[in-house]
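# Structural overview for review
Each chain, written out:
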Amino acid sequence: MNQVCIRFYAELNDFLPTARRQKTFAHSFEGRVSIKHLIESLGVPHPEVDLVLVNGRSVDFSYIVQDGDRISVYPVFESLNIAPLVRVRPQPLREPRFVLDTHLGRLAAYLRMLGIDTVYRNDFADEELAQISSQEGRILLTRDRGLLKRNQVTHGYCVRGTNPRHQLVGVLRRFDLFQMVAPFTRCIRCNGILQPVSKQAISHRLEPKTRQYYDEFRICHACDQIYWKGSHYERMQQFIDNVLAQEA
Ligand SMILES: [Zn+2]
């Protein structure tokens, strides 16, 4: 039987039982175990982890845990520069793109509203989600830890809470997206890019009142949906202002 002392930092504690949070605890295991496996056996999905120190030195996920190791596990650092150390994951994705689990429809709509590239369908199977994440380099957002533990998934995040607005703020913070948002540039329905279109070109598709009161339109080149700054626009703008005010 081997024993190690291990501590998880910051939001990684969300995955631990209360008695193990914010403190060093002893953990026993048998046989030859990688640090990745050990961390996941304690309930923390590996895509959440960005840095592992063993006896003060950074290691990658393949490290085989030794009896007596002292282990510190850190989540992704957004501001702290840890470049000289070994990050356990591949390079962070420069322009974050996402694929969302089928239960996160509202969050998907919000992310698209902010112009963030978001693949979502309400009928994707777990396997498809993992595959899209891996093949397209998309960060997998889910509340299902089992899904995040799949080997194929290298970039993922376990969405906290069930309130879509809080989920949105959490995702913006975790991936440092506040400066990257571009509201009303993406189709909420299909994730396509919106482009300006002349009123003349789509006039025949408008309701008489819309035609009367609005002159600026955008169209989704993927699904042909037309957008304009109607009554819903102000509510959305207010929602966005509120969300972006929570950057700190
Ligand atoms: Zn569209």
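Preceding block: the structure.
Predicted model only: the values in this text are computed from it and were never measured.

Parameters at a glance
- Residues numbered from 1 in each chain as written.
- Predicted model: local features only at pLDDT ≥ 70, side-chain atom pairs only at ≥ 80, totals over all residues.
- Heavy atoms only, no water.
- Donors = N, O, S within 2.8 Å, 3.2 Å for Na, K, Ca; no water.
- Helix = DSSP H or I, 4+ residues; strand = E, 2+ residues; numbered from the N terminus.
- Phe/Tyr/Trp six-rings, centres within 6.5 Å; stacked < 30°, edge-to-face > 60°.
- Lys NZ or Arg CZ within 6 Å of the ring centre and 35° of its normal.
- Buried < 20%, exposed > 50% of the residue type's maximum accessible area, 1.4 Å probe, protein only.
- Polar contact = N/O pair within 3.5 Å; in protein donor to acceptor, adjacent residues only side chain to side chain.
- Core = buried A, V, L, I, M, F, W, Y, C linked by side-chain atoms within 4.5 Å.
- Pairing = 2+ DSSP bridges.
- Axes fitted to C-alpha atoms, helices over the stretch in contact; angles between N-to-C directions.
- Salt bridge = Lys/Arg side-chain N within 4 Å of Asp/Glu carboxyl O.
- Parallel < 35°, antiparallel > 145°, perpendicular 65-115°, else oblique.
- Left-handed = near helix turned anticlockwise from the far one by under 90°.
- Contact = heavy atoms within 4.5 Å.
- Nonpolar A, V, L, I, M, F, W, Y, C, P; charged D, E, K, R; others polar.
- Expected span 1.5 Å × (residues − 1).
- Arc of directions from axis to C-beta.

On to the coordination of the zinc ion, then. Looking at the metal site, the zinc ion is ligated by C187 (SG), C190 (SG), C220 (SG) and C223 (SG), spaced 2.3 Å from it. When the donors of the zinc ion are listed by position in the chain, the intervening gaps give C-x2-C-x29-C-x2-C. Taken together, the residues C190 in the loop between α5 (164-174) and β10 (194-197) and C220 in strand β11 (residues 217-220) connect sequence positions 30 residues apart.

In this structure the tally under the stated criterion is seven aromatic pairs. Three or more aromatic residues joined by ring pairs make a cluster, and in this case those are F98, Y157 and F175. The ring of F175 is capped by R174, whose NZ or CZ atom sits 5.0 Å from the centre of that ring.

It is worth spelling out unusual backbone geometry at this point. Apart from glycine, the bulk of residues carry a negative phi angle, and the bulk of peptide bonds sit in the trans form. For N55, which is not glycine, the phi dihedral falls at a positive 50 degrees. Among the secondary structure elements, N55 is positioned in the loop between β3 (49-54) and β4 (57-59). Judged by its relative accessible area of 45%, N55 is partly exposed. Phi angles above zero are rare outside glycine, and F184 is one such case at about 60 degrees.

Take D215: it is sitting in the loop between α7 (208-213) and β11. Here K199 takes part through its side chain, which lies 2.9 Å from a polar atom of the side chain of D215.

Before going further, it helps to spend a moment on the nonpolar core. Counting residues in each nonpolar core, the largest one holds 33 residues, and the members touching the most others are F8, L38, V52, I71 and V73. Contributing elements (two or more residues each) for this core: β1 (2-8), β2 (25-29), α1 (35-41), β3, β5 (70-75), α3 (126-136) and α4 (145-148). Core analysis: the second largest hydrophobic core is formed by 29 residues, Y157, F178, Y233 and I240 among them.

It is worth spelling out the sheet that holds β3 at this point. Judged by pairing direction, the sheet is mixed, and its five strands sit side by side in the order β2-β1-β5-β3-β4 without closing on themselves. Both outer strands of the open sheet, β2 and β4, are each paired with one neighbouring strand and no more. Across this sheet, the average inter-strand angle for adjacent strands is 35 degrees, counted without regard to direction. As defined by bridge partners, β3 adjoins β4 across three bridges and the pair is classed as antiparallel. By the bridge assignment for β4, V54 is matched with R57.

A few words on the pattern of salt bridges. Scanning all chains against the criterion turns up 11 salt bridges. Residues E48 and R160 are paired through a salt bridge, measuring 3.3 Å at the closest nitrogen-oxygen approach. Separated by 112 residues along the polypeptide, E48 in the loop between α1 and β3 and R160 in the loop between β9 (156-158) and α5 bring together distant segments of the chain. For R160, a relative accessible area of 22% corresponds to the partly exposed category. With a shortest N-O distance of 3.8 Å, E48 and R174 are connected by a salt bridge. Separated by 126 residues along the polypeptide, E48 in the loop between α1 and β3 and R174 in helix α5 bring together distant segments of the chain. What emerges from the salt-bridge pattern is a single network uniting E11, D14, E48, R160 and R174.

What follows deals with the packing of α5 against helix α8 (residues 231-244). Two numbers describe how α5 lies on α8: the axes approach to 10 Å, and their chain directions differ by 50 degrees. Taken as axis vectors, α5 and α8 run oblique relative to one another. In the packing of α5 onto α8, the handedness of the crossing is right-handed. Mapping the contact onto sequence places R165, L168, V169 and L172 in α5 and F239, N242 and V243 in α8. The class makeup of the residues in the contact of α5 with α8 is five nonpolar, one polar and one charged.

On to α8, then. For α8, spanning 14 residues, the distance from its first C-alpha to its last is 21 Å, which sits close to the expected 20 Å at 1.5 Å a residue. The complete set of buried residues in α8 reads Y233, M236, F239, I240 and V243. Mapping the buried residues of α8 onto a view down its axis gives an arc of 125 degrees, with all of them on the same face. Away from its buried face by more than 90 degrees, α8 exposes S231, E234, R235 and Q238. In the core, the buried residues of α8 are packed alongside α2 (105-113) and α5.

Keep in mind that these numbers describe shape and distance, not what the molecule does.
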